Amino acid sequence: MTLDVPNLKDFDARLRDEAQQEPTLEVPQGEPTKKTQIIAIYGKGGIGKSFTLANLSHIMAEQGKRVLLIGCDPKSDTTSLLFGGKACPTIIETSTKKKLAGEEVKIGDVCFKRGGVYAMELGGPEVGRGCGGRGIIHGFELLEKLGFHDWDFDYVLLDFLGDVVCGGFGLPIARDMAQKVILVGSNDLQSLYVANNVCSAVEYFRKMGGNVGVAGLVINKDDGTGEAQAFANAVNIPVLASIPADDDLRKKSANYQIVGTNQSQWGALFAALGENVGEAPPLRPTALSQDELIGLFDGKDTGAGVVLEPATEADMRGKNAAPKKSLEVIYDEV
């Protein structure tokens, strides 16, 4: 009896040829196959993504749009703001409990609504007990089982951490799960550093044939110094809204109050943001180098002019820098 062993030589050669090919810079173009706009929002932790999204989703619903808000941050603060501080059960937490009980997760177990907004939290592992990025992947796998691709919404808003080094949090960009990305930043170096990282990720995956683009930047806590506007100009994306650094907004956000409503003095601001978000096309940004990013700020604030001075072996040895006797054998000349 002979074993029918497949010949892998041709397959191996095809893989080698494919690996040597340069990724195409051409981005496939075409009309969207669904009316739903899936938008991922990224920004540095604490910069106001959840505040922006909770209020944006609320004003969109008031405008008659069907909106699904998905919190993808392990802190689960997106829906907390929408629900007045009330924490809703997360998908990961609920999935674990249901699995142990031998039950299936249902929509009503994880999705809740307020003011016309449908909202859910993916959640994350307990501190020190798991990978947040893996939790994101597991959460979206469960959403697919629940019928995510058949749901009927005008907008699906995803609230993500800004650090896209981890593959889980970079999922919408890497896998074309969203049509466009919105950045939330402020006039500080760290938030713009994160925004620039997201632009780098988008740029990388566009080179690999992806379709996700950056629709624009929301400047939160805008103090008028202009660095965030300068960043947007430098990477070629528009500013969709500038939310001022106002004490009324700070207090209302801290008290879990929704300001994205026509009943608020801030309603017109978020209504305009909603229109801009819907209309802004996904653009291909040009990420900045570290020096270019720092160059957006006043030199006295960033330490411009510092010259790198190489360390020496003597510097590293410190008090042990005294020369030691050589073990080399030296012969007297004849």
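Source: prediction; values computed, not measured.

Q: Which parts of the structure should I look at to understand the packing of helix H2 (residues 49-62) against helix H11 (residues 267-279)?
A: Two measures define how a pair of helices packs: the angle their axes make with one another and the distance between the axes. Taken N-terminus to C-terminus, the directions of H2 and H11 make an angle of 85°; their axes are 9 Å apart at the nearest point. What the angle tells us is that H2 and H11 run roughly perpendicular. Contacts between H2 and H11 involve Phe 51, Thr 52, Asn 55, Leu 56, Ile 59 and Met 60 from the first element and Gly 267, Phe 270, Ala 271, Leu 273, Gly 274 and Val 277 from the second. Residues that form the contact of H2 with H11 fall into these classes: 8 nonpolar, 4 polar and no charged.

Q: Explanation requested: H2 in the structure shown.
A: Note that an α-helix has 3.6 residues per turn; residues three or four places apart therefore point the same way. Taking 1.5 Å as the rise per residue, H2 with 14 residues should run 20 Å; its terminal C-alpha atoms sit 20 Å apart, in good agreement. Looking one or two residues past H2, Gly 64 carries a phi angle of roughly 95°, positive in sign.

Q: Whenever I open this one, the sheet that holds strand S6 (residues 180-185) confuses me. Can you help?
A: By way of backbone hydrogen bonds, the strands of a sheet pair with one another, either parallel or antiparallel. Taken in spatial order, the 8 strands make up an open sheet running S3-S4-S2-S5-S1-S6-S7-S8, and their pairing is mixed. Whereas interior strands pair on both sides, the edge strands pair on one side only; in this sheet they are strand S3 (112-114) and strand S8 (239-244). Shown here is a sheet whose adjacent strand axes are inclined to one another by a mean of 20°, direction ignored. Taken together, the 5 bridges between strand S2 (residues 67-71) and strand S5 (residues 155-159) define a ladder with parallel strand orientation. Paired with Val 67 across the bridge in S5 is Tyr 155. Sheet contacts for H2: strand S1 (37-43), S2, strand S4 (117-121), S5, S6, strand S7 (213-222) and S8; angle to S5, the most-contacted strand, approximately 170°.

Q: Would you take a moment to explain the packing of aromatic side chains for this structure?
A: By convention here, two paired aromatic rings are described through the distance between centres and the angle between planes. Scanning the entire structure with this criterion turns up 6 aromatic pairs. Considering the side-chain rings of Phe 148 and Trp 151, the 5.6 Å spacing of their centres and the 75° angle between planes classify their relative orientation as edge-to-face. For the pair formed by Phe 148 and Trp 151, the shared burial category is buried. Ring centres 5.0 Å apart and planes at 75° place the aromatic pair Tyr 204 and Phe 205 in the edge-to-face group.

Q: Any chance you could explain the pattern of salt bridges here in plain terms?
A: Two side chains that carry opposite charge are able to pair once their charged atoms sit near each other. The full count for this structure, using the stated rule, is 8 salt bridges. A salt bridge links Lys 35 to Asp 154; its shortest N-O distance comes to 3.7 Å. Residue Lys 35 is found in the loop between helix H1 (9-19) and S1, and its partner Asp 154 is found in the loop between helix H6 (132-145) and S5; the two are separated by 119 residues along the sequence. Relative accessible area serves as the criterion here: at 56%, Lys 35 is assigned to the exposed category. For Lys 252, the salt bridge is made with Asp 248, and the minimal N-O distance between the two is 2.6 Å.

Q: I keep staring at the pairing of S2 and nothing clicks. Help me out?
A: Working note: regular strand, side chains alternate between the two faces of the sheet. Of all 5 residues making up S2, 5 are buried, and the element is well covered by its neighbours. Across the two faces of S2 the burial is the same, with Val 67, Leu 69 and Gly 71 and Leu 68 and Ile 70 all buried. Sheet topology places S2 next to S4; 5 bridges connect them, and they run parallel. The partner of Leu 69 across the bridge, within S4, is Ala 119.

Q: Help me understand the packing of helix H8 (residues 189-207) against helix H9 (residues 227-235), please; the structure alone is not making it clear to me.
A: In contact at an axis separation of 11 Å, H8 and H9 are set at 15° when each is read in the N-to-C sense. As the angle between them shows, H8 and H9 are arranged roughly parallel. The hand of the H8/H9 crossing is right-handed. Two secondary-structure elements touch here, H8 through Leu 192, Ala 195, Asn 196 and Cys 199 and H9 through Glu 227, Ala 228, Phe 231 and Val 235. Among the residues forming the contact of H8 with H9, the class breakdown is 6 nonpolar, 1 polar and 1 charged.

Q: Help me understand the confidence of the model for the protein in this model?
A: Interpretation of this model should avoid reading the predicted coordinates in detail wherever pLDDT is low. Of the residues in the protein, 78% reach a pLDDT of 70 or more, and the chain-wide mean stands at 83. Counted against residues more than four places away or in other chains, residues 1-6, with its pLDDT under 50, gives 0 contacts. Across residues 22-33 the pLDDT falls below 50, and counting only partners more than four positions away or on other chains, this stretch makes 15 contacts in the model.

Reading the values: rules and limits
- Residues numbered from 1 in each chain as written.
- Predicted model: local features only at pLDDT ≥ 70, side-chain atom pairs only at ≥ 80, totals over all residues.
- Heavy atoms only, no water.
- Axes fitted to C-alpha atoms, helices over the stretch in contact; angles between N-to-C directions.
- Helix = DSSP H or I, 4+ residues; strand = E, 2+ residues; numbered from the N terminus.
- Parallel < 35°, antiparallel > 145°, perpendicular 65-115°, else oblique.
- Contact = heavy atoms within 4.5 Å.
- Nonpolar A, V, L, I, M, F, W, Y, C, P; charged D, E, K, R; others polar.
- Expected span 1.5 Å × (residues − 1).
- Pairing = 2+ DSSP bridges.
- Phe/Tyr/Trp six-rings, centres within 6.5 Å; stacked < 30°, edge-to-face > 60°.
- Buried < 20%, exposed > 50% of the residue type's maximum accessible area, 1.4 Å probe, protein only.
- Salt bridge = Lys/Arg side-chain N within 4 Å of Asp/Glu carboxyl O.
- Left-handed = near helix turned anticlockwise from the far one by under 90°.
- pLDDT = per-residue confidence, 0-100.

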